[in-house]
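# Topology and contacts: notes
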Amino acid sequence: MGCIETRVKEHKAKKIKKKIAKGWNVCCNYSYAVNGRIWILWRAHIQVQITHMTNQFIHCCIEDTSTQFKTHLSIIYAQNDGHQRENLWRDHRQINIPTQETWLLSGDFNNVLSSKDIIGSPVTAAEIQGFKDVIDDLQLTPLRAKGWNYTWTNKQGTGSRVYSKIDWALGNYQWIQQYGHVEADILNPSSIIQQVWNQCYDGAPMQQIWCKLKNMNEQLKEINAYMASYKQSLEQAREKLDIIQSQIKQDPLAHALFNEEKAALDEIEKWSNVEEQVMRQKSKACWIECGDANTKYFQAQWKIRSNQNSITSIYTDTGMKLTEPKLVEQEFISVFQSLMGDCATELPCANTAIIKEGPPLTISQQRTLIQNVTMEEITEAVREMPKDKATGVDGFPMEFFTRNWEIVKDDIFAAVKDFFLPTDC
């Protein structure tokens, strides 16, 4: 287990170790960093050999003697300063990992990989380049992640709030080949989702979920407002790219403009993806997983869907056509009220003699019908639903629940099981 940003003074470390990891072995980098920025803790059956250590990372070889699992592991806590991170990238290039052995790197890299990984602040190509280069040079791949995407925020007020993804788990080619199914579970106790979901509400399980989602909407207003400006942001990014490319035409050897052009292209790609996701959700055309700015297609599908779902006129029982919205509404209410019928003192029972003539259910079939819904069935049903399925653009798509399944699953289980519980008539 790796711990970063411990902020434990060295003279208190021994006491803290006994409290949180009694009987475990511990390695810290106090000799390289004040307050020991990184701890690695492991149980007795794990063999750990520390090979590299600096103020920004600890690298080791680990082996589980009980399962024969073996890998190289780097626990990283990068500095905020970009020049200091260059030392981190250089040190990792110097680590010699045999081509047939696995390597996992995890921790706080204090770096984003693209403009998609940050909200509320622009990012230049120069800020990303060093991190990208070391990933390419070492042939690393980010692991699939679940949980809250943005792992850091400056916690500022409206207009100044920044969210970014700076925590990563990376694997080399051999790791991906052998353990590609392993996911990085981003558990951030201070995240908005975790904070909202830990709150207690009264009422039935489904009502509790509704209250939490309503509260979530309030907490995410700032992000929603930022994302709602995607059209304006996309237009601004395109205008910026036009200006940069015009400057490149005048000075084809201006290398500084190349980086600005790359950053502008990344920004356009980011907002184009946002636009496509919004259009896909509005049109409900979920069968296209990837596209190249299919805006016109999704706009057309959205209009078709809106026309299909709207009722502009109806005919009454007498054959009269109604087009006035208020009259259409009244006619619907009248028809459905008549279908409900009036209160009756007696209701005829079903003819049991006819029912008995048909084939009855076997005991096994009866038990199948009344058996409890399992957690596995609920999980499978949720994961099979289209990820863009939502009540609207401002609603929560199924991807929200699947990405944060470890946080929300207990409430979903409780709500579904409560739905199937027998009630007193």
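Everything below is about the structure shown above.
So, here is what we can say about the structure in this document. (Residues numbered from 1 in each chain as written. Predicted model: local features only at pLDDT ≥ 70, side-chain atom pairs only at ≥ 80, totals over all residues. Heavy atoms only, no water.)

The subject of this paragraph is a nonpolar patch on the surface. Taken together, the side chains of Ile 311, Phe 332, Val 335, Phe 336 and Leu 339 present a nonpolar region at the surface, about 490 Å² in accessible area. Within the fold, Leu 339 resides in helix 11 (residues 325-340). Here Leu 339 falls in the exposed class, since its relative accessible area comes to 63%. (Patch = residues over 30% accessible without salt bridge, like charges linked within 9 Å, V, L, I, M, F, W, Y side chains within 5 Å. Areas by Shrake-Rupley, 256 points an atom, 1.4 Å probe, with all protein chains shown as cover. Salt bridge = Lys/Arg side-chain N within 4 Å of Asp/Glu carboxyl O. Helix = DSSP H or I, 4+ residues; strand = E, 2+ residues; numbered from the N terminus. Buried < 20%, exposed > 50% of the residue type's maximum accessible area, 1.4 Å probe, protein only.)

Here we come to the sheet that holds strand 11 (residues 152-153). What holds strands together in a sheet is hydrogen bonding between their backbones, with the strands either parallel or antiparallel. Read across the sheet, three strands follow the order 8-12-11 without closing on themselves; strand pairing throughout is antiparallel. Two strands bound the open sheet, and with one partner strand each, they are strand 8 (118-119) and strand 11. Where strand 11 meets strand 12 (residues 163-164), two bridges bridge the pair, whose relative direction is antiparallel. From the neighbouring strand, Thr 153 faces strand 12, where its bridge partner is Tyr 163. (Pairing = 2+ DSSP bridges.)

To continue, consider the sheet that holds strand 7 (residues 103-108). The strand order across the open sheet built from six strands is 4-5-6-7-13-9, with neighbouring strands paired in mixed fashion. At either end of the open sheet lies a strand with only one pairing partner, and these are strand 4 (46-53) and strand 9 (141-142).

Quick look at the pattern of salt bridges now. Overall, the coordinates contain six salt bridges when judged by the stated rule. The shortest N-O distance in the salt bridge between Glu 269 and Lys 116 comes to 3.5 Å. With Glu 269 in helix 9 (residues 255-283) and Lys 116 in the loop between strand 7 and strand 8, the pair connects residues that are 153 residues apart, well separated along the chain. What makes Lys 116 partly exposed here is its relative accessible area of 36%. Where Lys 212 meets Asp 411, a salt bridge forms, and the shortest distance between an N and an O atom there is 3.0 Å. Of this pair, Lys 212 sits in helix 6 (residues 205-219) while Asp 411 sits in helix 16 (residues 405-419), and the two are 199 residues apart along the sequence. Side by side, Lys 212 and Asp 411 carry an identical accessibility label, which is buried.

Among the nonpolar cores identified, the biggest contains 22 residues, and Trp 197, Leu 213, Met 216, Phe 400, Phe 401, Val 408 and Ile 412 are the most heavily contacted of them. When residues in this core are grouped by element, the largest group, six residues, is from helix 16. Among all residues touching Met 216, those that are not within four sequence positions of it are Ile 192, Ile 193, Val 196, Trp 197, Phe 396 and Phe 400. (Core = buried A, V, L, I, M, F, W, Y, C linked by side-chain atoms within 4.5 Å. Contact = heavy atoms within 4.5 Å.)

Counting buried positions along strand 6 (residues 69-77) gives seven out of nine residues, so the element sits mostly inside the fold. Across eight bridges, strand 5 (residues 57-64) lies against strand 6 in antiparallel orientation. When the sheet's bridge partners are listed, Ile 62 is paired in strand 6 with Thr 71. Between strand 5 and strand 6, which pair antiparallel and follow one another directly, the connecting turn spans four residues, one of which, Gln 68, has a positive phi of 70°. In terms of strand pairing, strand 6 meets strand 7 through six bridges, oriented parallel. Bridge assignment links His 72 to a residue of strand 7, and that residue is Trp 103. Between the parallel pair strand 6 and strand 7, the chain is carried across by helix 2 (residues 82-93), and the sense of this crossover is right-handed. (Right-handed = clockwise from strand over helix to strand, strands pointing away.)

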